[in-house]
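Read off the chains here:
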Amino acid sequence: MNGKLYLVATPIGNLEDITLRALKILKEVDIIAAEDTRHTLGLLNHFEISKPLISYYKQNEKSKSEILIKKLLEGNNIALVSDAGTPGISDPGEEIVRKAIENNIDVIPIPGCSALINALIASGLPTKEFLFIGFLSALKKEKREKLEEIKYETRTIILYEAPHKLKDTLECILEILGNRKIVLARELTKIHEEFIRDTVSNILSQIEEVKGEFVILIDGNIESQKDVEKANLNDKTLEEHYDFYDRQGLCKKEIIKKIAKDRDVNKNEIYQYFINKK
Ligand code: SAM
């Protein structure tokens, strides 16, 4: 019988954030595939777990996937872990998951920490919908192209960034996306956990040398949100458009003025329309 592939989330700082189920799986599997075996050894030693480790990192994902799939087909259960957080999220994992599925091997996620989710829930920015980008390219041109691509994104945008690139990334955000509201979620779950909530330019003027790990959250493009709302309203009948503002408690005069502005027409035209309707 084939073994199972477990994708085990590990803490992003505070070791108490590992789940009971994750510990159970790490104790039970035959092999642990780890992004950095020395790093994972520290975690395993802390929880007194001793297991054969195989390295599985970005540069050897393809070749190591073949080896791990062979071991799974021989009946070994394998847990995949990354250095921190959830495997496959800006970390190795995608390749082996795809190959496991092709080989009819069960893939079982063991939930736990992910920096992006914890940063988002405490950010104060809208959480209903969001766009996770992960790391921007290290190449200037590609980095700028990606930011251009998301310029009109209305949902909350989430980025991962290394501390030494933070300043440059914030400068690019300011230039391309404008002076948006952003949140820097720093050192999550660790002693110096901090949320910096301000505009990009204010944050840029405050930060000199930044230390630790960061998630950058960017408020969606409010202007394009307004455009979408406006376009939606303009698709409605004049009566529905009127009702929309009526429900907001506006008086007749204000409503007519707003409809005229949304539709880019003279307010007398709208006024006449409603007079003739009576
Ligand atoms: N797989 C991980 C996850 O599920 O979040 C992400 C790994 S990625 C290689 C590392 C990046 O995640 C860091 O550069 C940082 O942007 C973010 N990160 C990880 N741990 C963090 C923490 N404790 N506080 C803030 N950001 C963190």
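Okay, so let's go over this structure.

Rules used in this analysis
- Residues numbered from 1 in each chain as written.
- Predicted model: local features only at pLDDT ≥ 70, side-chain atom pairs only at ≥ 80, totals over all residues.
- Heavy atoms only, no water.
- Axes fitted to C-alpha atoms, helices over the stretch in contact; angles between N-to-C directions.
- Helix = DSSP H or I, 4+ residues; strand = E, 2+ residues; numbered from the N terminus.
- Parallel < 35°, antiparallel > 145°, perpendicular 65-115°, else oblique.
- Contact = heavy atoms within 4.5 Å.
- Nonpolar A, V, L, I, M, F, W, Y, C, P; charged D, E, K, R; others polar.
- Core = buried A, V, L, I, M, F, W, Y, C linked by side-chain atoms within 4.5 Å.
- Buried < 20%, exposed > 50% of the residue type's maximum accessible area, 1.4 Å probe, protein only.
- Near = heavy atom within 4 Å.
- Polar contact = N/O pair within 3.5 Å; in protein donor to acceptor, adjacent residues only side chain to side chain.
- Areas by Shrake-Rupley, 256 points an atom, 1.4 Å probe, with all protein chains shown as cover.
- Domains from an automatic or database assignment.

Two numbers describe how helix 9 (residues 222-234) lies on helix 11 (residues 252-263): the axes approach to 10 Å, and their chain directions differ by 105 degrees. Considering their axes alone, helix 9 and helix 11 lie roughly perpendicular with respect to each other. Where helix 9 approaches helix 11, its residues Lys230, Leu233 and Asn234 are matched on the opposing element by Lys261, Asp262 and Arg263. Here the contact of helix 9 with helix 11 is built from residues that sort into 1 nonpolar, 1 polar and 4 charged.

Our focus in this paragraph is the nonpolar core. Core analysis: the largest hydrophobic core is formed by 23 residues, its most contacted members being Leu170, Ile173 and Leu184. Mapped onto this core, the elements with two or more residues apiece are strand 7 (156-161), helix 7 (166-177), strand 8 (181-186), helix 8 (200-206) and strand 10 (214-218). In terms of residues, this core owes the most to one element, helix 7, which gives 6 residues. Not counting the four nearest positions on each side in its chain, Leu170 is found in contact with Ile182, Leu184, Val200, Ile203, Leu204, Ile207 and Ile216. Membership of the second largest hydrophobic core comes to 17 residues, among which are Tyr6, Ile25, Val29 and Ala34.

Moving on: the site of the ligand. With respect to spatial proximity, 19 residues lie near the ligand, and among them Asp91, Ser114, Ala115, Tyr160 and Phe214 are the closest. One of the backbone N or O atoms of Ala84 is found 3.2 Å from a nitrogen atom in the ligand. Within the backbone of Thr86, an N or O atom sits 2.9 Å from an oxygen atom of the ligand. Considered on its own, the ligand offers 570 Å² of accessible surface; in the complex 92% of this is hidden by protein. Going through the elements one at a time, strand 7 and strand 10 are the ones with two or more residues in the shell around the ligand. Residues lining the shell around the ligand come from more than one domain, with at least three contributed by each of domain 1 (5-113) and domain 2 (116-218).

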